[in-house]
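Okay, here's what each chain looks like letter by letter:
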Amino acid sequence: MTFYWLLFVFVVLWSGLIAVQELDVLGRAQALRCGTRFVLVLVLSLFAGLFSESGSVDYNNYVDMLDVDPPATAWEAVTLKDPFFLLMGLFLKGEDGNISLLVFLLAFVSLGIKFKIFSSVFGGSEYADIYGLAVIFLVGRFFLLHEFTQLRASLGIALVSLSIVYAMQNRPVAVVATAALAALTHLSILALLPAVLLVYRVDLKVKLYVTAFAVVAALAVVTLFDVERFSRLTPYLTGEYPVTNNTLFSVYFLFKVTLLAGLLLQWKSLPTAIRHAVVISAYGIFLTWLFLQNDVLSLRLGELTAVFDCLCFAYFFRRGLTLAPVYGYIAGVGIAVLFYFSSIHIVNPLSLGF
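All values derive from a computational prediction rather than experimental measurement.

Draft legend 1. Local environment of the packing of helix H5 (residues 83-92) against helix H6 (residues 100-120). One can describe the packing of H5 onto H6 by two numbers: an axis separation of 8 Å at closest approach and a directional angle of 135°. Accordingly, the angle class assigned to the pair H5 and H6 is oblique. In the packing of H5 onto H6, the handedness of the crossing is right-handed. Listed contacts from H6 to Phe85, Met88, Gly89 and Leu92 of H5 are Leu101, Leu102, Leu105 and Leu106. Classifying every residue of the contact of H5 with H6 gives seven nonpolar, one polar and no charged.

Draft legend 2. Main features of the pattern of salt bridges. As enumerated under the stated definition, the model contains three salt bridges in all. With its nearest N and O atoms 2.4 Å apart, the salt bridge here joins Asp82 to Arg152. Of this pair, Asp82 sits in the loop between helix H4 (74-78) and H5 while Arg152 sits in helix H8 (residues 151-168), and the two are 70 residues apart along the sequence. The same class applies to Asp82 as to Arg152, namely buried. Note that Lys114 and Glu147 form a salt bridge whose closest N and O atoms lie 2.6 Å from each other. You can see Lys114 sitting in helix H6 and its partner Glu147 sitting in the loop between helix H7 (131-143) and H8, a full 33 residues away along the chain. A residue is classified by how much of its surface remains accessible, and Lys114, at 1% relative accessible area, is buried. Residue Glu147 is classed as buried on the basis of its relative accessible area, which comes to 1%.

Definitions and limits used
- Residues numbered from 1 in each chain as written.
- Predicted model: local features only at pLDDT ≥ 70, side-chain atom pairs only at ≥ 80, totals over all residues.
- Heavy atoms only, no water.
- Axes fitted to C-alpha atoms, helices over the stretch in contact; angles between N-to-C directions.
- Helix = DSSP H or I, 4+ residues; strand = E, 2+ residues; numbered from the N terminus.
- Parallel < 35°, antiparallel > 145°, perpendicular 65-115°, else oblique.
- Left-handed = near helix turned anticlockwise from the far one by under 90°.
- Contact = heavy atoms within 4.5 Å.
- Nonpolar A, V, L, I, M, F, W, Y, C, P; charged D, E, K, R; others polar.
- Salt bridge = Lys/Arg side-chain N within 4 Å of Asp/Glu carboxyl O.
- Buried < 20%, exposed > 50% of the residue type's maximum accessible area, 1.4 Å probe, protein only.

Bear in mind that shape data such as this cannot, by itself, settle questions of function.
This is the structure in structure tokens:
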């Protein structure tokens, strides 16, 4: 697992450099800051693209999924399984079925969106010092799980998280466009759409109307569409999909609950964006609990709030603790190391031959 740890050390060092650059509130290092972030996203994406074939446990599953003929009509394209993802895959896969280019591009777009959210969610520089730690938490907990393994989920989570940020900014066209792309990338993203309503600044009555319409539309789809077309969902609904058993006493779940409780105690002093992040992360806890009897749904749906979980973690260790910033940063990195150690167990060992 040496190569995985070398990557993580690189991320920690590079994120530390980014954190130092963020302290340049006068903007003298804007070009350097953007370049540094670009290099980080590029290195992570190249790692995913180059090593996913040997390291990712889902690589061959995606190769098999894309071993189909391109759709002949627009209707066939629309009714494909996760059509946005599948059309990208059919366009980018190699003649021999290799999908390294697809993995690279998906990781690049997914990470680029997530890192952009980290840097723009506050709209200012006052809390910019949490950016580097948020990146470390994201890589430590979710990079190997999402960008390296669960490709569809990684892009879907990035897009729906961006939709939530647009909802904070009251940009309805952008909200609908990114949410639609997210749902067409991975169907599970629909479970996070209520979070978009939670943060959108409209009257509660409007939110209730929209929720009621969504419920009626979902019931209509279930009633009118051929259920056999969605037979691929059966393993998820029955809990037959092979995942580890989920429990409310897992280390990650308890850590997340404890940290969110700490932030709730500081609610009045939290900036608006972090309040939204806390609410969304709490919604993720609710999804985990709601589907606890179905391990696969409980785990998958709880991961949908990954971006906002990492924002909460970073804020807590950089601002929420009564420690000097350097000690809070070190403590946060220590927790991220534990997350990364756990996530390494879901991938295959890497080896290089020359």
